[in-house]
Amino acid sequence: MAGRSTKLTVFPILFAARKTFSTLFILVAVIGVFSPALARRHAATTQPCTQLKFAPARNLPTGDLPVAVIAEDFNRDGNVDLAVTNNGASTVSVFLGTGVGGFAPQTAYPVGRGPRSLGVGDFDGDRQLDLVTADNLADTVSIIRGDGRGRFDAPSSFKTGSSPVTAAAGDFNGDGNLDLVTANAGSNSVSLLVGDGKGVLSAPSHFAVGESPFSLTLGDFNGDARLDLATSDSRGGGVSVLLGDGRGGFTQALNFAAGITPTHVIAGDANGDGRLDLLVANFGSNDLSLLAGDGRGGFHTARAFATGLKPISVFAGDLDADGNADLVTANEGSEAVSVLFGNGHGSFSKPVYLPVQSNPVAVAAGDLDGDGWIDLAVANDGSNSVTVLGGAGTRKFLAPKHYPVGRNPRSLAFGDFNGDGIKDIAVASINSKSLSILRGKGKLALDTASVITLPSDPAHLTVADFNLDGQADIATANPRANEINVLLGDGRSFGPPARIPTGRGPRSVVARDFNADRKPDLAVACEASNSVSVHFGNGKGIFSDARNFAVGARPISLAVSDFDRDGRLDLVTANAKGSSVSVLLNDGAGGYKQAVSFPAGTSPAAVSVADFNHDQKADLVIADYGTNRLIVLAGNGMGGFSSAPSFKTGYNPYFVTLADFDADGKPDLAVANTGARSVSILRGAGSGKFNLPFDIIVGDHPRGIAVADFDGDRLPDFAVVNSGDNSLGVFKNICR
């Protein structure tokens, strides 16, 4: 899958990933709230800073009356860009980032009249980022389609309710396409516009909320695996919660009191209880309201705080030798992998980011240098290379080393291919019809790759001893030829590839003994035929014809474990179009029972297995390409799975966002105070509490904030739009 990936080092936002559902939203665009690039290229500092500071602002001119800002990579160059809605000019300004904290001059694109919010997502299915605005004076939303090079087309507009202020995107009816909801201040309603996946939205359906809704946020508030929403009702003094039915409908609104003139609401687990809470910026009472969620769609009485202010693959293993499963993701758009350390109770640390090369798409782990610690190897699609990261067992990795391989590497695996006792690496490169073998020399050093030519393009590979001679062999999944290739090793080299027909579009292959005859078999996830093909081995490197088992739509990843604890190996697939994982339970007679599917985001790209909560039952972790999140499904030991925990004032606070500005592992708040020309930072104290704010002077009437690492120093910076002087302020974090 091509596209952008997101690394979130900020506080978990919008929904708790323990709530897993097929209607997971793709993004939320609420006057600049949490763009998917919010944390791109952030990485944890090694030590928390004791004094949080930001360098003086660099101001960039915008269009007239900017009111919202988001951070993303619009031209796919790996640098964070900015987009701003200009309410007075009815335009969107795009600033392309240089990657060192600078930005090119703006390019302005027309949208509907009076745009108030800005969001990003792929609305037409071309895998390029598009922009959407809520056009307050035109009663429309506008979609401007991106070309992936930083340019955008003319707008397509669609009717909403009266005076839309905010738009948010998600799959509300479970059809796999991106829909839009708007908060309509003029009609006291929320409008739902259903998307067709080609950039066209339906006529709106309207749902009543409180008076003058000004922003909205999405999440699963009642744990029913359906997408809900909440609005901040600026004249009603509270928030309205609409619980989704998963079919494009909502229950009657539930209302909860907040402060005076609530202008902005976000959702996240602020108190660490695994339930979604709401944080509300109250314009009229100069405070922030925290409404703790009860997990059933309700919220407790608000607590007030005085204010002045995308993964494509995943690996699970114990990287720090503490006995708990940790996670590693390859983040295709960010030139980094993310490491999340597990606590053994189903929760994970905020990500630590390890730089690799362009477009990392696959990760493997093992002890490459024989020091007893797990090392990482990463296949980088954009730079045609493999990066090796040496593990130190202390949650740190050594500086990367880079090695060239074939074009567009997609998968890699370890094996001792020459019998010297040192692990080697095999890499499948899909656009070079080849395997690259990098032989290990010890101390994390590898020889220059030797190339093995294949009959067709490999997308994935696995290593096992197929002929039981004690030497490592290789099998590849070759989607363009609808076959698997098996290469038998003799401890020095590999024989010619045997071509074995399989299902259509094989994308992932695993080798295990599925029929308990002590001979390795092969299972293949076949994307085009929506099936898993199983080939039984005879122990001599020869495999049977495929037995095919139906799973969800577009299975592209495959994993193995004993999910029902009957002693037999079961299978699970990540279904990219089915918004699900499919579990195939072994029937003990050489076959598998009918697949059972479980919701898993919008575009699950990879699935891995580990016992995350130490209950002796296999759990699943899914890399959801569509929502840029990791989703954890807890196993019940009987082949079933349930959702589990995963892993934003002064005067007139107008906007609030969350980030770990001081790198202490606790969420902080940044609040735009439109009446005070300031942004307030409230440092998190843990357990949903915050310290007293300190203020940073910004421009006139700040309206929206975006957070990202603009200069590549691994600290979150922020940008603020100031509607009073038509400026965009960029603040560098110099936390020490």
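Reading the values: rules and limits
Residues numbered from 1 in each chain as written. Predicted model: local features only at pLDDT ≥ 70, side-chain atom pairs only at ≥ 80, totals over all residues. Heavy atoms only, no water. Core = buried A, V, L, I, M, F, W, Y, C linked by side-chain atoms within 4.5 Å. Buried < 20%, exposed > 50% of the residue type's maximum accessible area, 1.4 Å probe, protein only. Contact = heavy atoms within 4.5 Å. Helix = DSSP H or I, 4+ residues; strand = E, 2+ residues; numbered from the N terminus. Pairing = 2+ DSSP bridges. Axes fitted to C-alpha atoms, helices over the stretch in contact; angles between N-to-C directions. Phe/Tyr/Trp six-rings, centres within 6.5 Å; stacked < 30°, edge-to-face > 60°.

*Asks:* Explain the nonpolar core to me, using residue names and the numbers behind them.
*Replies:* Looking at soluble globular proteins, one finds that nonpolar side chains tend to be buried together. Ranked by internal contacts, the top residues of the largest apolar core, which has 16 residues, are Phe563, Val572, Val581, Val607, Leu620, Ile622 and Leu633. Not counting the four nearest positions on each side in its chain, Phe563 is found in contact with Asp570, Leu571, Val572, Val583, Leu585, Val609, Ala618, Leu620, Gly637, Met638, Gly639 and Phe641.

*Asks:* Which residues make up the pairing of strand 14 (residues 213-219), and what values go with them?
*Replies:* Counted residue by residue, strand 14 has 7 buried out of 7 residues, so it is predominantly covered. As paired strands, strand 14 and strand 15 (residues 228-233) are joined by 6 bridges and run antiparallel to one another. Within strand 15, the position partnered with Thr217 by the bridge is Ala230.

*Asks:* Provide a residue-level description of the sheet that holds strand 10 (residues 164-170), including the pertinent values.
*Replies:* One open sheet accounts for 4 strands, arranged 10-11-12-13; its pairing is antiparallel. At either margin of the open sheet sits one strand with a lone partner, and together these are strand 10 and strand 13 (205-208). Taken over all neighbouring pairs, the strand axes of this sheet differ in orientation by 25° on average, direction set aside. The sheet contact formed by strand 10 and strand 11 (residues 179-184) spans 6 bridges and is antiparallel. Across the sheet, the residue bridging to Ala167 is Thr182, located in strand 11.

*Asks:* I'd love a proper account of the sheet that holds strand 9 (residues 156-159), names of residues and values included.
*Replies:* Strand order in the open sheet made by the 4 strands is 6-7-8-9, with antiparallel pairing throughout. The sheet is open, and its two borders are formed by strand 6 (115-121) and strand 9, each paired with just one other strand. The sheet shows a mean angle of 20° between the axes of neighbouring strands, taken without regard to direction. Bridge analysis of strand 8 (residues 140-144) against strand 9 gives 4 bridges, and the strand direction is antiparallel. Note that in strand 9 the partner of Val141 across the bridge is Phe158.

*Asks:* Can you lay out the packing of aromatic side chains for me, pointing to particular residues and giving the numbers?
*Replies:* In this structure the tally under the stated criterion is 11 aromatic pairs. Judged by centre distance (5.5 Å) and plane angle (75°), the rings of Phe256 and Phe299 are edge-to-face. With Phe256 in strand 17 (residues 254-257) and Phe299 in the loop between strand 20 (287-291) and strand 21 (303-306), this pair connects stretches of sequence that are 43 residues apart.

*Asks:* Could you give an account of the environment of Gly415, with specific residues and numbers?
*Replies:* Note that Gly415 resides in strand 30 (residues 409-415). The class for Gly415 is buried, based on a relative accessible area of 10%. In this structure the C-alpha to C-alpha distance between Gly415 and Ala464, which are 49 residues apart in sequence, comes to 8.4 Å. Leave out the neighbours within four places in its chain, and Gly415 touches Lys423 and Asp424.

*Asks:* Just give me the short version of unusual backbone geometry, but keep the residues and values in it.
*Replies:* Phi is positive for Arg127, which is not a glycine, with a value near 65°. With respect to the helices and strands, Arg127 occurs in the loop between strand 6 and strand 7 (130-135).

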